[in-house]
Amino acid sequence: MPKRIIAYKTKVMENRLKQCLGIDVSKLNLSLTIGFLHGDLGKKFEVHPDITNDLSGFKELHRWLKKTLTPNVGFIVLMEATGVYHQGVAHYLYEHGYAVCVMQSGRVKRYAQSLDQRSKTDALDSRMLSMLGLERDLRLWCPPSVGLQHLKGLSRERSSLLKDKTTETNRQGAIISSYYNNTKAKKRHLNRLKLLQSQIVSIEEEMRDLISKDDVLKKKLSFLESIPGISFISAATVIGETLGFESISNAKQLTSYAGYDVVLRESGNFKGKTRISKKGNSHIRAALHMPSMTCVRCNPTLKAFYTRLKPKKAKPLVALIAVQRKLLILMFTLWKNEENYDAEFEKKKQQRQKTLAAQDNNLIAQIVS
C-alpha cells in the first residue's frame, strides 16, 4: 500500500472523536454497524455481517471490536430494549468492560422518524442506532441485581397465572350455568382452579422471602408500602417491572414507560379524544388498577385529587387513570428520595411557597422604600 494512503488512514483514525456500535437485536441474529465521528463532524460507518445471538456470536463480535476500535477514543454500544433477547449480548459486553446503553423503544422510534429514511431493515436499524449514539449523550446501562431480576420473573409468572385463573373462573361459571351439566368436568375445573390458586400463593410467599433476605430492597420497599392503599404485592410488582427504576431518570420518562403518557389528536377544526398511549408496560398498569380504587377512598392526597378531578371528566375511569399515574410518580419519588409517605406534604409545600412569597414581598417593599 502506498505510504501516502497509509499516512492518510492513520491521520483519519487519529482524528476520531467518538465511536459507537449499533446493534439491532432479534431472537436469532444481531445486525452490527459501527460508526465513527471525525473532527470535521463527518460520520463514517463500517458494517459487519450478521452474527448469531449466542455466546459464539458474542465472541466473534469481541474479536472484531478489538481489531476495529481506535484506542483512547470514546466508545459506546447502543441497542434497543427487546424483551429478553438483548440481555445476553448486553451482559457479555458489560462484563468485558464496554460502555453499554440499552434504550427504550419509544425513544429510538422517535429518533428514527426524524430521519429521511423510508425503508426499514435490520442493517438500516443498526446504522440508525450507531448514528444516534454518535449524536447524543446517552445514559449508560448497568445490569440490575440478581434479586430484582428474580423479582421481575416472579411478578410476570404471577401475572400469567392470574390471567389463567380468570379464564378458568369464567369457564367454570359457564359449566355451572349450562343445562347439560357435566359433574366430572366441573370437578376437573375446580381442581385446576385450586392448583392455580395454590401456585399464586406460593409465588407470593417466594416474593416475600426474596425481599426479606435483601436488607436494602426491604428497606426501600417499605417506603412504598407506607402509601395508604399500596400493598406489598403491588409495590413488589412495580419494583420488579421497573427493576428498581433502574433506567428511569424522571417522572415523564416513567409515565411513558408505563404507557400513561397522554396522546392528543387535533388538526384544524378536528378535536379528537385525549387518551393515554398504552404503549408501555401493561403489567404496571394492571398492578395499579385495584390500588388506585383503594387510594381514592383511604389516601388523603389522592382522594382529594380524585374528588377534584372527577366532575371535570366525562367518565370516572378517566379520573381513576389519572390517580394511577399520580400514584406511580409518588412511588418513584419515595423510592428515589428514600422517604416515607407524608399526608401533609402538599399543605407544607403550599405553606413554604406562601412564606417565600411573603419574604419576597417584604424584601421588595424594603428596596422600594
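No experiment lies behind these values; they were computed from the predicted model shown. (Residues numbered from 1 in each chain as written. Predicted model: local features only at pLDDT ≥ 70, side-chain atom pairs only at ≥ 80, totals over all residues. Heavy atoms only, no water.)

**A word on the overall build of the protein**
Phase 1: Scanning the protein from terminus to terminus reveals 14 helices and nine strands.
Phase 2: Oriented by its inertia axes, the alpha-carbon framework of the protein measures out at about 90 × 85 × 55 Å.
Phase 3: For the protein, the proportion of its 369 residues judged to be buried stands at 37%.
Phase 4: Within the protein, contacts between residues separated by at least 24 positions form 62% of all contacts whose residues are at least 6 apart in sequence.
Phase 5: Surface exposure of the protein reaches about 22,500 Å², of which carbon and sulfur atoms provide 54%. (Helix = DSSP H or I, 4+ residues; strand = E, 2+ residues; numbered from the N terminus. Buried < 20%, exposed > 50% of the residue type's maximum accessible area, 1.4 Å probe, protein only. Contact = heavy atoms within 4.5 Å. Areas by Shrake-Rupley, 256 points an atom, 1.4 Å probe, with all protein chains shown as cover.)

**Here's the deal with the pairing of strand 1 (residues 16–25)**
Phase 1: For strand 1, the tally of buried residues reaches nine of ten residues, placing the bulk of the element in the interior.
Phase 2: For strand 1 and strand 2 (residues 29–38), the ladder comprises nine bridges, and the chain directions are antiparallel. Looking across to strand 2, one finds that R16 is bridged to H38.
Phase 3: Linking strand 1 to strand 2, which pair antiparallel, is a turn of three residues.
Phase 4: Sheet topology note: the strand 1/strand 4 (residues 74–80) ladder contains six bridges and is parallel. From the neighbouring strand, Q19 faces strand 4, where its bridge partner is F75. (Pairing = 2+ DSSP bridges.)

**A word on the environment of S234**
Phase 1: With respect to the helices and strands, the residue S234 is situated in helix 9 (residues 232–242).
Phase 2: Separated by 218 residues in sequence, S234 and R16 place their C-alpha atoms 49 Å apart.

**Things to note about helix 2 (residues 55–68)**
Phase 1: Taking 1.5 Å of rise per residue, 14 residues should cover 20 Å, and helix 2 covers 20 Å from first to last C-alpha, within 8% of that figure.
Phase 2: Of the positions making up helix 2, those classed as buried are G57, F58, L61, H62, W64, L65 and T68. Projected down its long axis, helix 2 shows its buried positions confined to an angular sector of 165 degrees, all on one face. Structural note: helix 2 exposes K66 and K67 on the side pointing more than 90 degrees away from its buried face.
Phase 3: Elements that come into contact with the buried residues of helix 2 comprise strand 1, strand 2, strand 3 (43–52), strand 4 and helix 3 (87–95). (Expected span 1.5 Å × (residues − 1). Arc of directions from axis to C-beta.)

**Some details on the environment of L221**
Phase 1: Within the secondary structure, L221 sits in helix 8 (residues 215–225).
Phase 2: Overall, L221 belongs to the buried group, its relative accessible area being 1%.
Phase 3: Those residues within four positions of L221 in sequence are excluded, and the remaining contacts are I211, F232, A235, A236, I239 and W335.

**Here we look at the nonpolar core**
Soluble globular proteins tend to bury their nonpolar side chains together.
Phase 1: In this structure, M207, I239, F245, L288, L327, L328 and M331 are the most contacted members of the largest nonpolar core, which totals 48 residues.
Phase 2: When contributions to this core are tallied by element, the ones reaching two or more residues are helix 6 (146–177), helix 7 (183–212), helix 8, helix 9, helix 10 (251–258), helix 11 (282–298), helix 12 (300–309) and helix 13 (316–337).
Phase 3: Examining the composition of this core, we find that nine residues originate from one element, helix 13, more than from any other.
Phase 4: Those residues in contact with M331, other than ones at most four positions away along the chain, are L224, I227, I230, S234, A235, V238, F245 and L288.
Phase 5: Within the second largest apolar cluster, 24 residues are counted, among which are V25, L30, V89 and L93. (Core = buried A, V, L, I, M, F, W, Y, C linked by side-chain atoms within 4.5 Å.)

Honestly, it's all geometry; don't read function into it.
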